[in-house]
Amino acid sequence: MDLKELYQEIILDHGKNPRNKKKCDGFNKDAKGNNPLCGDKVHVFLKLNDEKQVEDISFEGEGCAISIASASIMTEIIKGKDFNVAKKILENFINMLKEGSKPSINSLSDNENTTIMSLSGVKQFPMRVKCATLAWHTFLHAAEDNKKVVNTEK
Amino acid sequence: MDIKEIKSKFPIFTNKVKGKKLVYLDSANSSQKPKAVIDRISNFYSKEFSNVGRSMHSLAVTATNRFEETRDLIKNFINAKFREEIIFTKNATEGINLIAATYGEKFIQDKDEIIITELEHHANYVPWHFLRKRKGAVIKFAECDKHGEVSIDSIKKLITSKTKLIAVTHVSNVTGTILPLSKIIDLAKTKKIPVLIDGCQGAPHIKLDMQKLDCDFYVMSCHKMYGPTGVGILYAKKKWLDELPPYQGGGGMIDEVKKDEISFPESPTKFEAGTLQTAEIVGFAESIRFIENIGIKNITQHEKEITEYGLEKLKKNNSVSIIGDPKERGAIISFTIKGIHPHDIATILDDDGVAIRAGHHCCQILHEKMGVPATARASLGIYNSKEDIDILNESINKCNKIFNN
Ligand SMILES: Cc1ncc(COP(=O)(O)O)c(C=O)c1O
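Residues numbered from 1 in each chain as written. Chains lettered and ligands numbered in written order. Predicted model: local features only at pLDDT ≥ 70, side-chain atom pairs only at ≥ 80, totals over all residues. Heavy atoms only, no water.

> Explain the overall build of chain B to me, and be specific about the residues and the numbers.
For chain B, the count of helices and strands is 14 helices and 17 strands. Rg of the C-alpha trace for chain B: 22 Å, near the compact-globule value of 22 Å for 405 residues, within the 12% margin. In terms of principal-axis extent, the alpha carbons of chain B reach across some 75 × 55 × 35 Å. When burial is assessed residue by residue, chain B has 58% of its 405 residues classed as buried. Across chain B, the fraction of contacts at a sequence separation of at least 24, relative to all contacts at a separation of at least 6, is 71%. (Helix = DSSP H or I, 4+ residues; strand = E, 2+ residues; numbered from the N terminus. Rg over C-alpha atoms; globule rule 2.2 N^0.38 Å. Buried < 20%, exposed > 50% of the residue type's maximum accessible area, 1.4 Å probe, protein only. Contact = heavy atoms within 4.5 Å.)

> Explain the sheet that holds strand β2 (residues 40-48) of chain A to me, using residue names and the numbers behind them.
Residue and element names in this part refer to chain A. Strand order across the open sheet formed by four strands is β3-β2-β1-β4, with mixed pairing between neighbours. Looking at the sheet topology across the chains shown, the edges are occupied by β3 (54-62) and β4 (150-151). Relative to β3, β2 runs antiparallel, the two being bridged by eight bridges. Residue pairing in the sheet places L46 in a bridge with I57 of β3. Where helix α3 (residues 65-78) meets the sheet, it contacts β2 and β3, and its direction lies at approximately 170° from that of β3. The sheet strands contacting helix α6 (residues 129-143) are β1 (29-35), β2, β3 and β4, and the helix crosses β2 at an angle near 35°. (Pairing = 2+ DSSP bridges. Axes fitted to C-alpha atoms, helices over the stretch in contact; angles between N-to-C directions.)

> Go over the site of the ligand with me, naming the residues and quoting the values.
All names here are of chain B. In the vicinity of the ligand there are 13 residues, among which T93, D198, Q201, S221 and K224 approach most closely. Separating a nitrogen atom of the ligand from a side-chain N or O atom of D198 is a distance of 2.5 Å. Between the ligand and K224, the relevant distance is 2.8 Å, taken from an oxygen atom to a side-chain nitrogen or oxygen of the residue. Considered on its own, the ligand offers 400 Å² of accessible surface; in the complex 89% of this is hidden by protein. Among the residues forming the shell around the ligand, the class breakdown is three nonpolar, eight polar and two charged. (Near = heavy atom within 4 Å. Polar contact = N/O pair within 3.5 Å; in protein donor to acceptor, adjacent residues only side chain to side chain. Areas by Shrake-Rupley, 256 points an atom, 1.4 Å probe, with all protein chains shown as cover. Nonpolar A, V, L, I, M, F, W, Y, C, P; charged D, E, K, R; others polar.)

> Give me the lowdown on the packing of aromatic side chains, citing residues and values where you can.
Residues and elements named next belong to chain B. According to the stated counting rule, one finds 22 aromatic pairs over all chains in the structure shown. Where F10 meets F13, the ring centres are 6.2 Å apart and the plane angle is 70°; that geometry is what we call edge-to-face. By relative accessible area, which is 1% here, F10 ends up buried. On the basis of an interplanar angle of 40° and a centroid distance of 5.8 Å, the ring pair of F217 and W240 is categorised as tilted. Of this pair, F217 sits in strand β9 (residues 217-221) while W240 sits in helix α9 (residues 238-243), and the two are 23 residues apart along the sequence. (Phe/Tyr/Trp six-rings, centres within 6.5 Å; stacked < 30°, edge-to-face > 60°.)

> An account of the pairing of β1(A) is requested, with residue identities and associated values reported.
Only one face of β1(A) is covered, namely the one carrying A:K29, A:A31, A:G33 and A:N35; the face carrying A:D30, A:K32 and A:N34 has none of its residues buried. From the end of β1(A) to the start of β2(A), which pair antiparallel, there are four residues, and A:G39 there has a positive phi angle of about 85°.

> Describe the domain arrangement of chain B, listing the residues and the values that go with them.
For an interface, size is often stated in terms of accessible area lost upon the parts coming together. Residue and element names in this part refer to chain B. Domain boundaries in chain B define domain 1 (3-26 + 296-403) and domain 2 (38-293). Computed from C-alpha atoms alone, the centre-to-centre distance between domain 1 and domain 2 is 28 Å. With 36 residues of domain 1 in contact, the opposing surface of domain 2 contributes 33 residues. Carbon and sulfur atoms make up 64% of the area that domain 1 and domain 2 hide from each other, which totals about 2,600 Å². Between domain 1 and domain 2 we count three salt bridges in total. (Domains from an automatic or database assignment. Buried area = accessible area lost by both parts, 1.4 Å probe. Salt bridge = Lys/Arg side-chain N within 4 Å of Asp/Glu carboxyl O.)

> Mind laying out the environment of B:N397, listing which residues take part and the relevant values?
Residues and elements named next belong to chain B. Relative to the elements of secondary structure, N397 occurs in helix α14 (residues 386-402). The class of N397 is partly exposed, set by a relative accessible area of 33%. Separated by 60 residues in sequence, N397 and I337 place their C-alpha atoms 9.9 Å apart. Only 3.1 Å separates the side chain of N397 from the side chain of N317, close enough to count as a polar contact.

> Got a sec to walk through the state of the cysteines? Specific residues and values, please.
Inspection of the entire model under this criterion finds zero disulfides over all chains. Left unpaired, B:C215 is separated from the closest cysteine sulfur, that of B:C200, by 14 Å. What makes B:C215 buried here is its relative accessible area of 0%. B:C399 takes part in no disulfide bond, and the closest cysteine sulfur, belonging to A:C64, lies 13 Å away. (Disulfide = S-S within 2.5 Å.)

> Got a sec to walk through the pattern of salt bridges? Specific residues and values, please.
Pairs may arise between side chains of opposite charge once their charged atoms sit close together. All names here are of chain B. Tallying each qualifying case throughout the model produces 40 salt bridges over all chains. Put simply, R134 and E105 hold a salt bridge, and the shortest N to O gap is 3.5 Å. Taken together, the residues R134 in helix α5 (residues 126-135) and E105 in helix α4 (residues 92-107) connect sequence positions 29 residues apart. Residue R134 is classed as partly exposed on the basis of its relative accessible area, which comes to 48%. Exposure remark for E105: the relative accessible area of 47% places this residue in the partly exposed category. Each of E68, R71, D72, R83 and E272 takes part in one network of salt bridges that share partners.

> Explain the environment of B:P246 residue by residue, including any values.
Residue and element names in this part refer to chain B. Mapped onto the elements, P246 comes out in the loop between α9 and β11 (256-257). C-alpha of P246 to C-alpha of E84: the two residues are 162 residues apart in sequence and 14 Å apart in space. P246 has contacts with T102, M253, F264, K270 and F271, leaving out every residue within four places of it along the chain.

> Give a description of the sheet that holds strand β17 (residues 375-379) of chain B that names residues and reports values.
All names here are of chain B. Taken together, the four strands give an open sheet; going across it, the order is β13-β14-β17-β16, and neighbouring strands pair in antiparallel fashion. The open sheet has two free edges, formed respectively by β13 (320-322) and β16 (357-359), since each of these has just one partner strand. On average, each strand axis in the sheet is inclined to that of its neighbour by 30°, with strand direction left out of account. Pairing between β13 and strand β14 (residues 332-337): three bridges, direction antiparallel. Each bridged residue has a counterpart across the sheet, and for I322 the counterpart in β14 is F335.

What follows is the structure, given as structure tokens:
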């Protein structure tokens, strides 16, 4: 277990200077997520257009470097994608953290791949997997109009 | 006092964490267990076990005697007046729920008021919230100031003719504040209001004398007192135990059972339904012996010394902010580091074998008040030394390095 793998430059950067951390203009969907054990909170805002494309996505919230970086990275990668593609990325991402499988997403650019892979070190820190997945689950709730608050303990 | 020798009684410290020696700073969460306690449980199961108070065979007699011996030890440990005032529960949480349920059932009506403080652990809030929902009780929060102190005046001004209970913690599990219990209890007595003390962070560290303190209820969790998990203690004045209805129903807590009527025995039997954590309760006797062999006052003194050393050291560390600054503090230091979330702190410290807790420590009201979503907490036990604090401090510096602070 290597701390350097967990706290990579990309993660520290996204943690300190999160992208899209605001309420985006014209969002038409949103959802909230909580990690009640540690008090992390996230609120995802989503603008999904008629073609089911993620026109805009943003988040607000508070949490550790991992959770904030993960939310920030998620918004960067998912923005502009088709919802079905976004969902595939999400599934791949969660499998990567839970089972250690390498994400095989053709639709990602090299740059996007490097960014998302920066979170793969989290797998070695089981207590932190929830931090990294919270925003992603919350995105799904928003997209699917699931009004339930995402709760990492359920 | 030879801390090395005391520490050597705890088998856990012979293990390495990530190749490093364990620096355990999470005793407020749960303390480690001396070998004597672990061995006692194992021996009891190997040689003396049976259920207590039910069968006639000799094993049952031995087991019952051992079990009741723990009750006597606890009675003496906290200087209760009667052994019947000691009720076994599964933890402090259950002790508070027991009082909320039984005292609430009998004495709380719509609009009656319960005073707690902003420092309370959720265990001393949520059970009263249930009463709020069930009975229409009103919960009032005595304010804690920026030092983490709750003044006697902040409680006094909340008292009305409707106040039915004051429930406060002995020591805050976040700021370490030791509350002015004697003053609170004196004040409550002049108004004839019963007082419940959440003693989770008091009992393992501070000499207790129930007759002198004169509170009505005091709850403890044995796993924080060098004892096994699954055992808690509720101390309650006998007059209350005579008056309160039973809590849970079942075997062991009945007097006579007929098809149309059931009668109940006296305390403690009345409040101890079903088979209890027999081996753990027997094992807890060794925890009390362990504490008494060292002397609780020596424990207080040692922990005070290490806490002061820790405060001094961390205050010198510019990146660290300590949460609360109470005049009277137990063996707890909660802190934040500028620009680093407590969870990240905990993960990085863990890499150095330093075990702390990060989060809201079941005190969301307090964290909101202090304006921080989470804190990192170092809490001490008898086995901690100045060296542990030095390692903690170095590890904090490592956090800053990783985060380029
Ligand atoms: C002040 C305080 N009250 C109550 C509790 C709850 O203890 P338990 O979970 O053992 O019932 C704790 C322990 O975390 C505590 O620190």
